[in-house]
Amino acid sequence: MTKDMDITFTENSTTIDQNSGTLIADLKSLFKGPVLLANALPVFVGFWLALHFTGGSLFANSKLFWLTIIGSTILMGGALVLNNWYDVDIDTVMKRTQKRPTVTGNIPLKTVLGIGISLSALGMIMLLFTTMEAAIYAFIGWFTYVIMYTMWTKRKYTLNTVIGSVSGAVTPMIGWAAIAPTWHIVPIMLFIILFIWQMPHTFAIAMRKYDEYKAANVAMLPVVHGFKVTKRQMFVYIACLLPLPFYLGSLGMLFIVLATILNIGFLIVSIRGFFTKNDDRWAYVMFIYSVNYIAILFLLMVAVTLPIF
């Protein structure tokens, strides 16, 4: 191999590596990787707890488990891709979304639309092989997020956060419904916890990205009604979380105690917002706490129901 050939080979290899890295980054951005993973956890927890309360085993229901997890994840991925496709005009304005492949043009919009529709259809088909109830909850989540939130309320009404919270809150219902009917206090409480939690979580994000949402003319609560109103609503929603662990007494006293500690900590951080001089810093702390709060709470539900040998 000559020196020139060696240089050309090296340059081509570097180009391939860069293109591969760009493609992976584009796909991660298109599917909103962290959001997708965060929504898969409640599906798993719902499935796990349904097994626990019905006396089933994960091993005996392994095929159903994978159908539920993979099907719901694919469906949610399709919904997130469709959100990116529809929101390309907003994403072009907002700094944090300007590197999405829909904005850069790395992936054509027609291709993005095709991916979103295909994944949504595939996910729904897979979930139809679990139970009809699980498939119905999944469709409710998809419809609420894609149609009710993305295409209707996001740009017009501050209630967009309430509407969008429904789509995230049904995820444990999908998991539970794959095993048993959801007319049980536990899946209902999981829905309520996730629904309420998403409000202060989303408001914290909206406060931190206030300038971007305002520039994009998105009707987020802080943009329309200001930070004071937003902080009051965050406090009220978090206060509503306080009694909920006591409805999950079947998970044991340890869960109630630890969940209550998490709720009190959440409330304390919220109260600090009324006295802070740095709203951006406080909103960041609220965001970090909310992310860890929901992850710890749902993992705790699994931990306290692990079989003891």
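This one's a predicted model, so the numbers in the text were calculated from it and none came from an experiment.

Some details on the overall build of the chain
Phase 1 of the analysis: Looking only at helices and strands, one finds 14 helices and zero strands in the chain.
Phase 2 of the analysis: The order of helices and strands in the chain, counted from the N terminus, is α-α-α-α-α-α-α-α-α-α-α-α-α-α.
Phase 3 of the analysis: Computed over its C-alpha atoms, the radius of gyration of the chain comes to 21 Å, within 12% of the 19 Å expected for a compact globule of 309 residues.
Phase 4 of the analysis: By residue count, 45% of the 309 residues in the chain fall in the buried class.
Phase 5 of the analysis: A fraction of 74% describes how many contacts in the chain between residues 6 or more apart in sequence connect residues 24 or more apart.
Phase 6 of the analysis: Computed over 21 positive and 13 negative side-chain charges, the inter-centroid distance for the chain is 12 Å.

Points about the packing of helix H12 (residues 221-241) against helix H13 (residues 253-272)
Phase 1 of the analysis: At their nearest, the axes of H12 and H13 sit 9 Å apart, and the two run at 165° to each other. Of the possible angle classes, the one that applies to H12 and H13 is roughly antiparallel. Considering only the axes of H12 and H13, their crossing is left-handed. Residue-level inspection shows Met234, Phe235, Ile238, Ala239 and Leu241 of H12 in contact with H13, the latter providing Asn263, Phe266, Leu267, Ser270 and Ile271.

So, the side chain of Glu212
Phase 1 of the analysis: Here Glu212 shows up in helix H11 (residues 210-215).
Phase 2 of the analysis: It is Lys209 that comes nearest to the buried, bridge-free Glu212 among opposite-charge side chains, at 4.1 Å.
Phase 3 of the analysis: Polar contacts involving the side chain of Glu212 include one to the main-chain amide nitrogen of Arg96, which spans 3.1 Å.
Phase 4 of the analysis: Residues within four places of Glu212 in sequence aside, it is in contact with Met94, Lys95 and Arg96.

What to know about the packing of aromatic side chains
Phase 1 of the analysis: Under the definition given, this model contains 16 aromatic pairs.
Phase 2 of the analysis: An angle of 70° between the planes, with centres 5.0 Å apart, marks the rings of Phe65 and Trp66 as edge-to-face.
Phase 3 of the analysis: Where Phe203 meets Tyr237, the ring centres are 6.5 Å apart and the plane angle is 55°; that geometry is what we call tilted. A residue pair is termed long-range when its members are at least 10 positions apart, and Phe203 in helix H10 (residues 185-208) and Tyr237 in helix H12 qualify at 34 residues.
Phase 4 of the analysis: An aromatic cluster is built from Phe44, Phe47, Trp48, Phe65 and Trp66, whose rings are joined through pairwise contacts.
Phase 5 of the analysis: For the cation-ring pair, Lys231 lies above Trp282, with the distance from its terminal atom to the ring centre recorded as 5.5 Å.

Section: the environment of Val257
Phase 1 of the analysis: You can see Val257 is positioned in helix H13.
Phase 2 of the analysis: We classify Val257 as partly exposed; its relative accessible area is 39%.
Phase 3 of the analysis: Taking the C-alpha atoms as reference points, Val257 and Trp66, 191 residues apart in sequence, are found 32 Å from one another.

With respect to the pattern of salt bridges
Phase 1 of the analysis: On inspection of all chains with the given rule, the structure shows six salt bridges.
Phase 2 of the analysis: In this structure, the salt-bridge partner of Arg208 is Asp280, at a minimum N-O distance of 4.0 Å. Linking Arg208 in helix H10 with Asp280 in helix H14 (residues 279-303), this pair joins segments that are 72 residues apart in sequence.
Phase 3 of the analysis: Of the residues examined, Arg208 reaches a relative accessible area of 32% and is grouped as partly exposed.
Phase 4 of the analysis: Using a relative accessible area of 40% as the deciding quantity, one classes Asp280 as partly exposed.
Phase 5 of the analysis: Residues joined in a network through salt bridges with shared partners are Asp87, Asp89, Lys154 and Arg155.

Things to note about the environment of Tyr237
Phase 1 of the analysis: In this structure the C-alpha to C-alpha distance between Tyr237 and Met199, which are 38 residues apart in sequence, comes to 7.0 Å.
Phase 2 of the analysis: Apart from the residues lying within four places of it in its own chain, the contact partners of Tyr237 are Val162, Ile196, Met199, Pro200 and Phe203.

Describing the packing of H10 against H14
Phase 1 of the analysis: Where H10 contacts H14, the two axes come as close as 8 Å, and the packing angle between them is 155°. In terms of axis orientation, H10 runs roughly antiparallel to H14. Read as a crossing pair, H10 and H14 show a hand that is left-handed.
Phase 2 of the analysis: Counted by class, the contact of H10 with H14 contains 18 nonpolar, two polar and three charged residues.

Here we look at the nonpolar core
Phase 1 of the analysis: Leu49, Leu297 and Met301 are the most contacted members of the largest nonpolar core, which totals 41 residues.
Phase 2 of the analysis: Within the residue set of this core, elements represented by two or more residues are helix H2 (33-54), H10, H12, H13 and H14.
Phase 3 of the analysis: If one sorts the elements of this core by residue count, H10 sits on top with eleven residues.
Phase 4 of the analysis: Those residues in contact with Met301 that sit more than four places away from it in its chain are Val45, Leu49, Leu190, Ile193, Leu248, Leu251 and Phe255.
Phase 5 of the analysis: Counting 26 residues, the second largest nonpolar core, distinct from the first, contains Val43, Leu51, Ile69 and Tyr137.

So, how was this worked out
Residues numbered from 1 in each chain as written. Predicted model: local features only at pLDDT ≥ 70, side-chain atom pairs only at ≥ 80, totals over all residues. Heavy atoms only, no water. Helix = DSSP H or I, 4+ residues; strand = E, 2+ residues; numbered from the N terminus. Rg over C-alpha atoms; globule rule 2.2 N^0.38 Å. Buried < 20%, exposed > 50% of the residue type's maximum accessible area, 1.4 Å probe, protein only. Contact = heavy atoms within 4.5 Å. Lys, Arg positive; Asp, Glu negative; His and termini not counted. Charge placed at Lys NZ, Arg CZ, Asp CG, Glu CD. Axes fitted to C-alpha atoms, helices over the stretch in contact; angles between N-to-C directions. Parallel < 35°, antiparallel > 145°, perpendicular 65-115°, else oblique. Left-handed = near helix turned anticlockwise from the far one by under 90°. Salt bridge = Lys/Arg side-chain N within 4 Å of Asp/Glu carboxyl O. Polar contact = N/O pair within 3.5 Å; in protein donor to acceptor, adjacent residues only side chain to side chain. Phe/Tyr/Trp six-rings, centres within 6.5 Å; stacked < 30°, edge-to-face > 60°. Lys NZ or Arg CZ within 6 Å of the ring centre and 35° of its normal. Nonpolar A, V, L, I, M, F, W, Y, C, P; charged D, E, K, R; others polar. Core = buried A, V, L, I, M, F, W, Y, C linked by side-chain atoms within 4.5 Å.

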